[in-house]
Each structure stands twice: as structure tokens, then as C-alpha cells.
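Topology and contacts: notes
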Amino acid sequence: MSLPAAVLDALRDAVGPAHVLTDPDATGGYAIDWTGRFRGRTPAVVRPADSDEVARVLAACNEARVPVVPQGGNTGLVGGSVPGAGEVVVSLRRLDRIESVDPRAAQLTAGAGATIAAVQRAASGAGFRYAVDLGAREVATVGGTIATNAGGLHVLRYGPTRRQVVGIEAVLADGRTIRRLEGLEKDNTGYDLVSLLCGSEGTLAVVTAARLRVVPRLACTVTALVAFDSVAEAVDAVGTCRRDLDSLHAVELFLGDGLQLVCEHLALPRPFPDRHHAYLLVECAAATDPSEQLGDVVASLATARAVAVAVDDARRRNLWRYREGHTEAINQLGAPHKFDVTLPADRLAPFVDSIGDVVRAVVPEARVWVFGHAGDGNVHVNVTGVAPDDDAPAEAVLTAVARAGGSISAEHGIGVAKRRWLPLTRSATELELFRALKQAFDPRGILNPRVLVPPEP
Ligand code: FAD
Ligand code: 2HG
Ligand code: ZN
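Residues numbered from 1 in each chain as written. Chains lettered and ligands numbered in written order. Predicted model: local features only at pLDDT ≥ 70, side-chain atom pairs only at ≥ 80, totals over all residues. Heavy atoms only, no water.

1. Considering the overall build of the chain
In terms of regular secondary structure, the chain is built from 14 helices and 17 strands. For 457 residues, the compact-globule formula gives about 23 Å, and the C-alpha radius of gyration of the chain, at 22 Å, lands near that figure. Burial statistics for the chain: of 457 residues in total, 56% are counted as buried. Put simply, of all contacts in the chain between residues at least 6 apart along the chain, 74% involve residues at least 24 apart. Looking at the chain, you have 47 positive and 54 negative side-chain charges, and the mean spots of the two groups are 2 Å apart. (Helix = DSSP H or I, 4+ residues; strand = E, 2+ residues; numbered from the N terminus. Rg over C-alpha atoms; globule rule 2.2 N^0.38 Å. Buried < 20%, exposed > 50% of the residue type's maximum accessible area, 1.4 Å probe, protein only. Contact = heavy atoms within 4.5 Å. Lys, Arg positive; Asp, Glu negative; His and termini not counted. Charge placed at Lys NZ, Arg CZ, Asp CG, Glu CD.)

Structure, rendered in C-alpha cells:
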């Protein structure tokens, strides 16, 4: 796992010797994922400062056929940012410049390494908001969220990351750069390369900057936590919220056992004196106070067993802790197997109710946790108590999802974790096109070669 001296020299030449890390003590953190499930090693972490340096780095690696893994915040949950086969890591974090918002266009330009929280702050400073929000906001980057087409908490209102991206600057494997940062909302001049790069998981090009839409900042936000006796009742309530709340901003689902775990591991007080089977976190945001509207709709839910409403920021954050704390609390049980799946709305409740048994039928010792973005039909199935390399949970969960007409990835992408199962929901013809695209963008196959695109059968 060492690099030819000429390649190391070229990398040092491109970014400066201080930004080519080779000491395992310095590179270790770049070679393990957030969950601890995916681990690798790398001969070098290269930290370019701008798109020209990225171009020089990729040209050198391409010339020598050295595979690379692009990396942003390394919060991805499918192993796509980890050098599992000794790849060079190209860290984009130094490309973190954010230009001021153009209020006439409601857009800003951000470097690939800017964090989502920094983009949110920049948007908010100009009276706008960046519509993408997720638990990893302080670390996840613009480039990483574009590469995974990240979803998050407000997809039901604003769509996923792809819908926020007006333009992209990206470097191809051979060092050539494409740049479409003019911010043209309408541009029908052929294939939409910007959209294609969203969700391409670092396999087609390295994103170096993006032109992003921002949305109006809504002055008033109110959040309710509602308890139900069954998942089916909670899912039906999602329909009522979608129909009756025009200010609906987020609808998140979690279950009684997940809440118990979060309360124990994060030392939080229980929200209600009684235990319930399913919980919905419903948030509304509008220019004028939506409390009354949300209160009326919640009061109309005959199946609601308990309700807590929060208007001020501190109390709202406390309610969100019950939902956002799931990822952190589950990780304390040991590296989980994570599945981010979408189901058609009419299959969501039966899926949530049955998936624990489906997994335990093949791995009896497994513990199964389900929570997610109920408004989008997207639930996260986390399985703990299983060895990191055991494929049985993936086989069971992803097959059940495909049978139910769902998608095996709603938001985290395919990465290395799910590549084997991509044919479950993508046809042979689609996969041939995937390979043809990969070949066109990256003929030597140096960009994230173990990620997303399955090899020829
Ligand atoms: P990384 O993890 O560094 O990389 C992810 C993928 O993108 C890899 O394949 C990598 O090679 C590629 N990549 C990274 N940067 C670039 C670039 N500049 N150009 C080309 N390819 C690149 N995800 C959601 O969708 N919704 C959520 O609600 C959500 N919540 C989360 C909460 C927590 C606590 C955690 C830990 C993760 C969560 N995630 C969520 C997953 C993760 O944050 C997202 O996948 C995010 O988009 C990853 O961004 P990153 O900068 O960390 O990318
Ligand atoms: C979330 O919605 C993230 O909180 C992470 O997508 C999900 O931990 C997970 O499985
Ligand atoms: Zn999620």
C-alpha cells in the first residue's frame, strides 16, 4: 500500500508538502467511517485548497492509475468515503469558501468543503435559509451532500439536495474541469450534467463548488410530539398533516423502543408519563405563527394518545433530541448495519411492523431499530448486535424492501454497503447505462472504484 515516489512528488508539488499526509497517526481518522463499521488504510491523504489543485492531484493519480476516494465530512453511512482498498483520500475540506448570497437570484456559491451549518448561517445572515438540514449539519459538506443527494428533515417541503443545486464546478478524473456556476435557473442546452453529478457518490467527478438555491426564512416555527398506539395510526396521521397543514415542515417517526434507548443513552427525561408504541414529531414553519393551525390539526387526531407542543427554540430542540439522538444512541451499542429505505405509503406501516421479525428470522440475536422521515415514506432500519461483515441483515431487509416496491436507498446512497444489492431495484439495462456513464467520465476507473456501480456480471 505504498505510492510510487513520482506520484507522491507530484501530489506534494500540487498541494504543498504540508497537505500530503502519510503518517498513519495523521491519516487514521480519514480511513474509518462515522459508525466504525467501515475501516481501511491509505498511503496518503491529500488536502487541496482549490479546484486547480484538485485538478493537478487527479491528473497525477489518473496518469499513474492510482485510485482515489473523494472525502468531505466523512459522515456518510454507506462506506463510500473510506479508502477500503488502499486508495488515496482526496479531502475537500479546505475548499470551504462561501460567497455572499445574491438576493436577486436567491442563490449563493459555496466551496465543496463548506459545511451545511456554515451554508445555513450564510443564508440566514442574508434573511434566507438553506433548505437542506440533517443531524450531521456541523460536519457534512456541500460536496458530500451533493455526491449523496442527501435528504434530511425537510424533503417533503423542499425536495432533496438535487433540488437545491443550480450549478456545479467539478473536476473529471483526468483533471479537466467543468464549471456551470452562473446560476441560470433555466438552461435547456442538452444533458443535465449538474443533476447527474447529484447522487453520483464520487464515481464520476470530484465536486469542487456549487451554486445553491436558498429559500425564504420563515419567522415562526412550532413543533409537536404526538404519541400513538400503532404505526398504522401514526402513518394515517401523516396523511392528515399533509392535507391540513400548508406550513408542514417536517414529519418524523420513531418507536417506543428507540425512544427508550435514546432516553437511557443520552440521559433525557421521558416526554410523557406513559409509554406508547409510535411517535410522530410534526413541525410547522411559516411567516406568521402556525401554532393554532398545528394545535387544531393535532386536536382533530382521534388516535393521538399524548401530545407535547413546543414554540420556543429551547423546548423545540429538546423534542428534536428524541428523534435526532437515535443515530448517536444506536452507535453506542456497537457498529450498526444501516438501511435507509423508502416504501410506497400504503406499505410503510406493515413494513415497519414486520421488519424486526424478518431480520431476526435470519439473525436471531439482532436488535432492530426503526425511525425516519415518515413524510417521505423513508425509514431507517438499524440492526445492532451483528458482526460488521455479516451480509444476512442486508439480504433480509433489502429483499423485503424490493418485494414491497420500495427503494433500497432513500438518502444515504449505495456506497460499498449496498452495491451487491443494487440489481434488486435497478434493471440490467439501467446498470449497463451506469457502466457506460462511468466509462465516459472516468475511463481508467480511478474515482471511488468500489462504490455504487457494480462490476460486469
Ligand atoms: P462524505 O461522508 O465525506 O462522503 C460521502 C460520499 O460522497 C462518498 O462516496 C464520497 O466519496 C463522496 N464525496 C464527498 N465529497 C465529495 C466531493 N466533493 N465530490 C465528489 N464526491 C464526494 N444523510 C441524509 O441524507 N439525511 C440525513 O438526515 C442524515 N442524517 C445524518 C445524521 C448523522 C448523525 C450522520 C452521522 C449522518 C447523517 N446522514 C444523513 C449521512 C451523511 O451526513 C450524508 O450522507 C452526507 O451527505 C455526507 O456528507 P459528507 O460531507 O460527510 O460526505
Ligand atoms: C437520519 O435521518 C439520518 O437521522 C441517519 O439519515 C439515519 O442513523 C441512521 O440510520
Ligand atoms: Zn435520514
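2. Quick notes on the sheet that holds strand E8 (residues 177-180)
Strand pairing within a sheet occurs via backbone hydrogen bonds; the two strands may be parallel or antiparallel. With antiparallel pairing, 4 strands are arranged side by side in an open sheet as E5-E9-E7-E8. The two strands at the open ends of the sheet, each matched to only one other strand, are strand E5 (107-111) and E8. Neighbouring strand axes in the sheet, compared pairwise and without regard to direction, differ in orientation by 15° on average. Across 6 bridges, the pairing between strand E7 (residues 165-171) and strand E9 (residues 206-213) is antiparallel. Directly across from Ile168, in E9, lies its bridge partner Ala210. (Pairing = 2+ DSSP bridges. Axes fitted to C-alpha atoms, helices over the stretch in contact; angles between N-to-C directions.)

3. So, the coordination of the zinc ion (ligand 3)
Donor atoms from the polypeptide that coordinate the zinc ion (ligand 3) comprise His373 (NE2), His380 (NE2) and Glu411 (OE), at 1.7 to 2.1 Å from the metal. The motif formed by the donor residues of the zinc ion (ligand 3), counted along the single chain, is H-x6-H-x30-E. For His373, a relative accessible area of 4% translates into the label buried. A relative accessible area of 5% places His380 in the buried class. (Donors = N, O, S within 2.8 Å, 3.2 Å for Na, K, Ca; no water.)

4. Quick notes on the pairing of E5
Counting buried positions along E5 gives 5 out of 5 residues, so the element sits mostly inside the fold. Side-chain alternation along E5 places Gln107, Thr109 and Gly111 on one buried face and Leu108 and Ala110 on a second face that is also buried. Here E5 pairs with E9 via 5 bridges, running antiparallel. Among the inter-strand pairings, Gln107 is bridged to a residue of E9, identified as Arg213.

5. Here's the deal with the packing of helix H8 (residues 231-244) against helix H12 (residues 345-362)
The interhelical angle for the contact between H8 and H12, taken along N-to-C directions, is 155°, at an axis separation of 9 Å. Classified by the angle their axes make, H8 and H12 are roughly antiparallel. Handedness of the H8/H12 crossing: right-handed. In this structure, H8 contributes Val231, Ala232 and Val235 to the contact, and H12 contributes Ala345, Leu348, Ala349, Val352 and Asp353. For the contact of H8 with H12, a count of residues per class yields 7 nonpolar, no polar and 1 charged. (Parallel < 35°, antiparallel > 145°, perpendicular 65-115°, else oblique. Left-handed = near helix turned anticlockwise from the far one by under 90°. Nonpolar A, V, L, I, M, F, W, Y, C, P; charged D, E, K, R; others polar.)

6. Things to note about H8
Helix length check: H8, at 14 residues, gives a terminal C-alpha distance of 20 Å against a target of 20 Å (1.5 Å per residue), a fit within 8%. Looking only at H8, the buried set comprises Val231, Ala234, Val235, Ala237, Val238, Thr240 and Cys241. Those residues of H8 that are buried are in contact with strand E11 (220-228), strand E12 (248-255), strand E13 (278-286), helix H10 (291-299) and H12. (Expected span 1.5 Å × (residues − 1).)

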